[in-house]
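Understanding the architecture of this molecule
What follows is each chain in one-letter form.
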Amino acid sequence: MKRIIKLFDPFVDKKEEDIIKKVLYSRFWASGAGTNQVLKFETAFRNYIGSQSCVALNSGTAALHLALSLLDLKGKEVIIPSLSFVATAHAVILNNAKPVFVDVDATTGCLDPQQVENSVTERTKIILPVHFAGMSCDLSRIMKICKKHNIVLIEDAAHAAGGTYKKNKIGTHGAAVCFSFHPVKNLAMPTGGAITLNIKNHSSFESILKSKRWCGISDRKGIKYNVDKIGLNYYMNEFSAAIGLEQLKKLDRTNRIRREIAKRYSKELKIEKKMPFNPECTYHFYWICVKNRDKFIKQMFDERIETGIHYKPIHTMKYYANKKTILPNTESFGAQIVSIPTHPNLTESDISKIIEKANKFS
Ligand SMILES: Cc1ncc(COP(=O)(O)O)c(C=O)c1O
């Protein structure tokens, strides 16, 4: 049986294996004790991003939920793209606010700043862009809109670790940036996420987040503690943090490999609508748009090439369905988008095969 070319595949070596054993036999698996991998990861990721704070969590969903909870959103609106994973919208609902779905740019799949501007109301409290597939949205225009209307910028960078967000690029970092370290992500862990902060009084927001990630616990002194707010069980475990530290060391290299793959796709794929090439993009995946998508996916799978759909637009999901929301570019992506692999385990011959088989369909 021929090997399957997977859509996502974590890039690991003996370093991850060794550190897992170390944590295993340390017998401290939760954060806050033992070899303190979580704290080490927070410090390393904060330095890598160049942010003021970093709070490690157990998922990107938790990061979005807690980052938005820093503001009182009752009765407020949050502008988001519908072309995203549902967690982006769920975080808004979980914070008692209304998600306002705004259309994306047809070439990048990221929020269209003009449509964002048109959708601002006096209730808009947050703009929450997604850096789709690792392509940065037009942050400078979105930041200007935020400044003009006194709106807070919180970013969903689940696909974008190591892209726009790197040291020396401060100025492109919203009040909070949310990351996912789900196993398919560029920086992979068994499960994980983080919030980085760039905000006045960041240390007090950092302690609020740290308390909320563990059941609202405060004033911990030895075995005694108090609880002064509602919180959740959102803390990162030591295994995830340990793997994350190794993945972080590789991140620039693995993102470079992803970019090289995307460069080949953008040059060699004879498909009209495809992801543009941008040297700062992290290419979490590479998207193409095809008219007869089911047939394309089946044909690729028959060639033992996995593909995916990212995403069925959120405003078309049963829970969010609303006939009044019309987003032509998002809906066009929703009908035609296919994701193809960019992970660093692909060989040159895998990449050539993906290009050849996809081109056969065009
Ligand atoms: C754009 C986006 N936002 C948020 C998330 C949620 O991250 P997690 O799966 O770590 O909860 C994901 C993960 O799939 C995502 O792709």
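To start, this report covers the structure provided alongside it. (Residues numbered from 1 in each chain as written. Predicted model: local features only at pLDDT ≥ 70, side-chain atom pairs only at ≥ 80, totals over all residues. Heavy atoms only, no water.)

**A few points about the site of the ligand**
Taken together, 17 residues lie around the ligand, and Gly60, Thr61, Asp156, His159 and Ser180 are the ones closest in. Within the side chain of His159, one N or O atom sits 2.8 Å away from an oxygen atom of the ligand. In the environment of the ligand, an oxygen atom lies 2.8 Å from a nitrogen or oxygen atom belonging to the side chain of Lys185. Protein contacts shield 91% of the accessible area of the ligand, which totals 390 Å² for the unbound molecule. Elements with a minimum of two residues in the shell around the ligand: helix H3 (60-68) and helix H4 (87-94). (Near = heavy atom within 4 Å. Polar contact = N/O pair within 3.5 Å; in protein donor to acceptor, adjacent residues only side chain to side chain. Areas by Shrake-Rupley, 256 points an atom, 1.4 Å probe, with all protein chains shown as cover. Helix = DSSP H or I, 4+ residues; strand = E, 2+ residues; numbered from the N terminus.)

**Some thoughts on the packing of aromatic side chains**
Applying the stated rule across the entire model yields 18 aromatic pairs. Geometrically, the ring pair formed by Trp287 and Phe333 is edge-to-face, given 5.0 Å between the ring centres and 85° between the ring planes. With Trp287 in strand S10 (residues 286-289) and Phe333 in helix H10 (residues 328-336), this pair connects stretches of sequence that are 46 residues apart. Accessibility expressed as a relative area gives 0% for Trp287, which makes it buried. The buried category is assigned to Phe333, whose relative accessible area is 0%. Centroid distance Phe296 to Phe361: 5.1 Å. Interplanar angle 80°. Geometry classified as edge-to-face. (Phe/Tyr/Trp six-rings, centres within 6.5 Å; stacked < 30°, edge-to-face > 60°. Buried < 20%, exposed > 50% of the residue type's maximum accessible area, 1.4 Å probe, protein only.)

**As for the environment of His149**
Here His149 is to be found in helix H6 (residues 139-149). You can call His149 partly exposed: its relative accessible area is 31%. Distance from His149 to Lys125, taken between C-alpha atoms, is 9.1 Å for residues 24 residues apart in sequence. If near-sequence neighbours (up to four positions away) are discounted, His149 is found in contact with Glu117 and Val120. (Contact = heavy atoms within 4.5 Å.)

**Structural notes on the state of the cysteines**
The tally for this structure, following the rule as stated, stands at zero disulfides. Among the cysteines around Cys281, which has no disulfide bond, Cys110 carries the closest sulfur, lying 8.3 Å off. Summary of cysteine pairing: Cys289 is not part of a disulfide, and the nearest cysteine sulfur, belonging to Cys110, is at 13 Å. The class of Cys289 is buried, set by a relative accessible area of 7%. (Disulfide = S-S within 2.5 Å.)

**Some details on the pattern of salt bridges**
Inspection of every chain in the model, using the stated rule, returns 19 salt bridges. The closest approach of N and O atoms between Lys148 and Glu117, which form a salt bridge, is 3.4 Å. A residue pair is termed long-range when its members are at least 10 positions apart, and Lys148 in helix H6 and Glu117 in helix H5 (residues 113-119) qualify at 31 residues. We classify Lys148 as exposed; its relative accessible area is 60%. Look at Glu117 and you get partly exposed, because its relative accessible area is 24%. (Salt bridge = Lys/Arg side-chain N within 4 Å of Asp/Glu carboxyl O.)

**Points about the nonpolar core**
In terms of nonpolar packing, the biggest core is built from 50 residues, with Ile127, Phe132, Tyr265, Leu269, Tyr286, Trp287 and Ile288 touching the most fellow members. Listed by contribution, the elements that provide at least two residues to this core are strand S3 (98-102), H6, helix H8 (238-268), S10, helix H9 (293-302), strand S11 (337-340) and helix H11 (348-361). Membership of the second largest hydrophobic core comes to 30 residues, among which are Phe101, Ile154, Ile195 and Ile314. (Core = buried A, V, L, I, M, F, W, Y, C linked by side-chain atoms within 4.5 Å.)

**A short note on unusual backbone geometry**
With an omega of 15°, the peptide bond between His310 and Tyr311 qualifies as cis. With respect to the helices and strands, the residue Tyr311 is situated in the loop between H9 and H10. The backbone of Arg27 shows a phi angle near 65°, a positive value even though the residue is not glycine. Tracing the chain through its elements places Arg27 in the loop between helix H1 (14-26) and helix H2 (37-49). On the basis of relative accessible area, Arg27 is assigned to the exposed category, the value being 68%. Residues other than glycine seldom take positive phi values, yet Arg304 does so here, at roughly 65°. Locating Arg304 in the fold gives a position in the loop between H9 and H10.

By themselves, these observations are geometric and do not establish any function.
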